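# Summary of the model geometry
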Amino acid sequence: MKHRLFLGAAMTLVVGHFIWLMSYFQPAITQPDSNGYFAQAARIANTGKTWFEPESPVQYVGMHWLKTPEGRYYSRYPAGFPLILAVPFKLFGPSAALAMNVLMCSLAILGLYLLAARWIGPGWGLLAAALVAVNSLVNEWALSYFAHTASAFFLVWGLYALARWEENLSRAWAVAAGFLLGIIPSVRYPEGLSCVAAAAFIAVTIRRRRASWKSAIAFAAGMAVPGLALAVHNQLAFGVFWRTGYSLTNEQTGFSLSYFAQHAESYLEALSGSGAGVIFGLGLAGIAVLATRAGTRRKGALLALIIVPLTLVYMAYYWSAGQMSMRFLVPTVYVYALAAAWLLSLVGREHARSAAVAGIALLAVAASSGLPSSARTLDRLAKVGAPLATVTKTLEEKVPPGSLVIAGDQIQQHLDFVGRWKLVDESAMRTFGTGRAGMAYRRGAAAAEGDPSPMQAEKMQERMKRYAGLQGVDRQRAFVLDLWKWAGDGHKVYWIAEESRYKAFVESLPLEWPDRFKVVAEIQLPKVELRDRMGGPGGGSPGGGMGPPQGGPPDEPQSRTARRGASPLGAPMGGGPMGGGGPMGSGLLSGEKLVIVEWTTK
């Protein structure tokens, strides 16, 4: 009866958590990383392929889609998570794929309860689950649509299967544990280190019990299924089964002791603050105690082998430490919560009342900081996602599928996921060497020289070559020729721009210019002050992109005119959707009016 009450409470927590997250849900992705996962899912669902070949030099290609020597474009991210997302996308559409990420977050909390209930008791399991449910980092990335939530989901449920295996050495549970944990590298490569921890746990358990090694073979067989699929995909995509999409920008070289020395302190500060929060120190202490007690040594070592190597790896990564880097460690929050609750349960064996009061106090402190922080971050994510959802709905009503749509990065990275239209990259008309386009190119060039970089030189060089030496009207005409060539006879062309930019462009055209424009829809953007557009706790920017890695090249000195840049066809470039947005999608929160313009020619 007692167990049923706690299970009912846990289910209520999970359902309430899901409903609360969904109250902020907007069917839109707001970051380039999300495009690398979710647009890949859309391509799998729509074409059965994880790659594509551009049809036109003006075609939009997301930041995280990288060119191979064969001319194909693959996402830098592995295909495991997109393959999972492709199922709800195919069955129910893009919104279902996004909601899947939220569902996995809440189900991971359920898995943590079930795991902790078996290892330390249902009451303490409920505490562990609640500590994660109020954590702002966990909640933020459930609605930021990266793969960190999925990594946590498979880690927690893999550990649950491992716990069930330990009870009776069932080979079925060994296969389940191997399969669930084996999926993790196909979601996030570094988090695959947890597979090593689980394999060590199985080996020590079998040896200690002098049991058959058939369970280990079953675990390896379960892990081999997703592992071989990942290896085959990488072999076909990148030429060698152990090579990944990161190799195309040399990011596999972005680990060093010097980065570790720079980042370690900042990581620890962030983990104890806006990362794991109050459960960080208590969780570490819990793991240390568990690893030194005879009855819990194996489990304590398992938890330590999950969080320590993963944390050290990311501390040694070339990306700057800070709030945005905490997303890498989302799966560890579940482990800290489990260990913290476990430590209190040990205290409770001799001081039950004191441990219970301490648990309530811990949850109260975690909730008092985590829930308001979560609400602020989720509200900002919703404010950025809402205009994109409105743009999508309006396009579905006004623009036929297969039409060409011109817009900036903030809009295109989302429409690329929706997958209904041919997307034109408005930056094809920008002058390289200045502003954001110049910075992107220089980072790509750094990767070409052997340095790690999120950009790819080949993509930038290809566009520079296409429009090299062309300026003003000549560049406009080259762009327009490519545009109408791609459109052909059977498709229309539409342009999404701020009203002020559209009017400035029309007024700048020569009288003899043959093209014509007709506004078919208007969308009023919300007005949010700049200080309210900034991202999550600690200065992150959910919804506005990931920010530059440490040591990102600064812009070169420029004139005022050069800094403004030029939008497609010579219109002044602002910070809005056509210009790619700013912190927290500032272009989508400018209060301006967006117009959807049908573009025709005589």
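Residues numbered from 1 in each chain as written. Predicted model: local features only at pLDDT ≥ 70, side-chain atom pairs only at ≥ 80, totals over all residues. Heavy atoms only, no water.

### Re helix α2 (residues 32-47)
A rise of 1.5 Å per residue sets the reference length of α2, with its 16 residues, at 22 Å; its end C-alpha atoms lie 21 Å apart and thus fit the reference within 8%. With 14 of 16 residues buried, α2 is to be regarded as a mostly interior element. Residue G48 follows α2 closely and has a positive phi angle near 75 degrees. (Helix = DSSP H or I, 4+ residues; strand = E, 2+ residues; numbered from the N terminus. Expected span 1.5 Å × (residues − 1). Buried < 20%, exposed > 50% of the residue type's maximum accessible area, 1.4 Å probe, protein only.)

### Side note on the sheet that holds strand β7 (residues 516-524)
Pairing within the open sheet is mixed, and its five strands lie in the order β5-β4-β6-β8-β7. Strands with a single pairing partner mark the edges of an open sheet, and in this sheet they are β5 (422-425) and β7. Taken pair by pair, the neighbouring strands of this sheet meet at an average axis angle of 25 degrees, ignoring direction. Where strand β6 (residues 493-498) meets strand β8 (residues 593-600), six bridges bridge the pair, whose relative direction is antiparallel. Paired with Y494 across the bridge in β8 is E598. Packed on one face of the sheet, helix α15 (residues 352-398) meets β6, β7 and β8 and runs near 135 degrees to β7. On the sheet, helix α20 (residues 499-508) packs against β6, β7 and β8 and is oriented at approximately 115 degrees with respect to β6. (Pairing = 2+ DSSP bridges. Axes fitted to C-alpha atoms, helices over the stretch in contact; angles between N-to-C directions. Contact = heavy atoms within 4.5 Å.)

### Observations regarding the pattern of salt bridges
One pass over the full model with this rule turns up 14 salt bridges. K492 serves as the salt-bridge partner of E598, at 3.8 Å between the closest nitrogen and oxygen. One end of the pair, E598, is in strand β8; the other, K492, is in the loop between α19 (472-487) and β6, and 106 residues separate them in sequence. The partner of K593 in a salt bridge is E522, with the nearest N and O atoms 3.4 Å apart. A residue pair is termed long-range when its members are at least 10 positions apart, and K593 in strand β8 and E522 in strand β7 qualify at 71 residues. Accessibility expressed as a relative area gives 27% for K593, which makes it partly exposed. Overlapping salt bridges bring together R118, R164 and E167 as one network. (Salt bridge = Lys/Arg side-chain N within 4 Å of Asp/Glu carboxyl O.)

### Here we look at the sheet that holds strand β3 (residues 73-75)
Strand order in the open sheet formed by three strands is β1-β3-β2, and the pairing between neighbours is antiparallel. The open sheet is flanked by β1 (51-52) and β2 (65-67), the only strands paired with a single partner. Where β2 lies against β3, three bridges are found, and the strand directions are antiparallel. The residue of β3 that forms the bridge with W65 is S75.

### Points about the nonpolar core
General note: in soluble globular proteins, nonpolar side chains tend to be found buried as a group. Formed by 125 residues in total, the largest nonpolar core has its most connected members in F38, F81, L162, I279, Y334 and L338. Ranked by the residues each element gives to this core, the list is headed by helix α4 (residues 94-120), at 15 residues. With residues up to four places along the chain from it excluded, the contact list for I279 reads L131, V333, Y336, A337, A340 and L362. Listed in part, the 24 residues of the second largest apolar core include L388, A407, A521 and L589. (Core = buried A, V, L, I, M, F, W, Y, C linked by side-chain atoms within 4.5 Å.)

### Thoughts on the side chain of N234
In this structure, N234 sits in helix α10 (residues 214-238). Excluding its chain neighbours within four sequence positions, the residues that come into contact with N234 are Y189, G239, V240, F241, R243 and T244.

### Observations regarding the packing of aromatic side chains
The final tally for this structure, using the stated rule, is 34 aromatic pairs. Ring geometry for F153 and W157: centres 6.5 Å apart, planes at 50 degrees, overall tilted. With F153 and W157 both in helix α7 (residues 148-168) and four residues apart, the pair spans about one turn of that helix. Per residue, the accessibility class of F153 equals that of W157, and both read buried. Put simply, the rings of Y37, F38, Y77, F81, F89, Y145, Y189, Y246 and F417 touch in pairs and so form one group of aromatic residues. When the ring centre of F52 is taken as origin, the NZ or CZ atom of R43, which lies over that ring, is 4.0 Å away. In this arrangement the basic side chain of R43 is found over the ring face of W65, its NZ or CZ atom lying 4.6 Å from the centre. (Phe/Tyr/Trp six-rings, centres within 6.5 Å; stacked < 30°, edge-to-face > 60°. Lys NZ or Arg CZ within 6 Å of the ring centre and 35° of its normal.)

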